[in-house]
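Listed below, chain by chain, are the residues.
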Amino acid sequence: AGASDPNAVGSFMDAVAAHQSSLKSPSRHMRVGALRYLRAVADAVGECDADNARTAGANDTPANLAECLHRWLKVNEVDVHDTSNGPNVMEFAKTAQVSIAAIRRAVEQEVLGAECAETLATCGLGALHIRLASVWPETYKLFGALTERKEFEA
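First, a word on what this report is: a plain description of the structure on this page.

The rules behind these values
- Every chain begins its residue count from 1, and numbering advances along the sequence as written.
- Since the coordinates come from a predicted model, pLDDT governs what is reported: local features require at least 70, and pairs of side-chain atoms require 80 or more to be given and counted, while whole-chain, interface and lining totals use all residues.
- As a convention, hydrogens and water are excluded, and side-chain values are obtained from all of the structure's heavy atoms.
- To qualify as a helix, a DSSP run of H or I must reach at least 4 residues; to qualify as a strand, a run of E must reach at least 2; elements of each kind are numbered from the N terminus.
- For every residue, the accessible area obtained with a 1.4 Å probe (protein chains only) is divided by the maximum for its type, and the residue is called buried under 20%, exposed over 50%, and partly exposed between those limits.
- Whether two residues are in contact is decided by their heavy atoms: any pair within 4.5 Å suffices.
- A side-chain nitrogen of Lys or Arg and a carboxyl oxygen of Asp or Glu constitute a salt bridge if their distance falls within 4 Å.
- Under this definition, polar contacts are N or O atom pairs within 3.5 Å; protein pairs additionally need one hydrogen-donor-capable and one acceptor-capable atom, and for neighbouring residues in sequence, both atoms have to be side-chain atoms.
- In this description, the term disulfide denotes a pair of cysteine sulfurs within 2.5 Å.

1. Let's talk about the overall build of the protein
Here's step 1: Each helix and strand in the protein was counted, giving seven helices and zero strands.
Here's step 2: When the helices and strands of the protein are read in sequence order from the N terminus, they spell out α-α-α-α-α-α-α.
Here's step 3: Across the 154 residues in the protein, those meeting the buried criterion constitute 42%.
Here's step 4: In the protein, the share of contacts with a sequence separation of at least 24, taken over all contacts with a separation of at least 6, comes to 68%.

The following block contains the structure:
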């Protein structure tokens, strides 16, 4: 099994740690590639119910890090500058805002543990590279929620 084989990974968190830097890359393609790989790993190791994570509504609170990464993938895989093939930009922006707010809510309601903090912050840094300023305020609020949780301190 090769390094890109999702079944060859030790654990989901090992895969997340190995791809952490790609999640904040300025390149949308790099972020999307890493998130797709992590989604495949999560599916392969049974980290979350893949069908439920793919079909979850933007406002549904994610139950674990794998579900959050599914959300981050949806936020990152849209090219907001491709007006010919992409979704309506305003519709995408609203869906992205709601998805990030749901992740923030999972942090505030202590659904997600301290082991998720670094990855969520890294994905948030990646979201700041999305050239759609309406996505940024919810990302800032997520950073605030992460810094308010005492157990998230290193």
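Okay, back to it.
2. So, the pattern of salt bridges
Here's step 1: Summed over the entire model, instances satisfying the criterion amount to four salt bridges.
Here's step 2: Of the charged contacts in the structure, one is a salt bridge between glutamate 138 and arginine 104, with a shortest N-O distance of 3.5 Å. With glutamate 138 in helix 7 (residues 136-148) and arginine 104 in helix 5 (residues 89-108), this pair connects stretches of sequence that are 34 residues apart. Accessibility classification places glutamate 138 together with arginine 104 in one group, the buried group.
Here's step 3: For the salt bridge of glutamate 138 with lysine 141, the shortest nitrogen-to-oxygen distance reads 3.4 Å. Placement of both glutamate 138 and lysine 141 in helix 7 is noted, with a separation of three residues, approximately one turn of the helix.
Here's step 4: Residue lysine 141 is classed as partly exposed on the basis of its relative accessible area of 45%.
Here's step 5: Each of the salt bridges in this network shares a partner with another, and the network as a whole consists of Arg104, Glu108, Glu138 and Lys141.

3. With respect to the side chain of glutamate 138
Here's step 1: A relative accessible area of 13% places glutamate 138 in the buried class.
Here's step 2: A polar contact of 3.5 Å, which involves the side chain of glutamate 138, links it to the side chain of arginine 104.
Here's step 3: With residues near it in sequence (within four places) discarded, glutamate 138 still touches Gln97, Ile100, Ala101 and Arg104.

4. What about the state of the cysteines?
Here's step 1: Following the criterion strictly, the structure yields zero disulfides and no others.
Here's step 2: In this model cysteine 68 remains outside any disulfide bridge; the closest cysteine sulfur is found in cysteine 116, 6.5 Å from its own.
Here's step 3: The class of cysteine 68 is buried, set by a relative accessible area of 0%.

5. A closer look at the environment of alanine 114
Here's step 1: For alanine 114, the position within the fold is in the loop between helix 5 and helix 6 (117-127).
Here's step 2: Residue class for alanine 114 comes out partly exposed when judged on its relative accessible area of 36%.
Here's step 3: Expressed as a C-alpha distance, the spacing of alanine 114 and arginine 149, which sit 35 residues apart in the sequence, is 8.6 Å.

Function-wise, these values are silent; they only describe arrangement.
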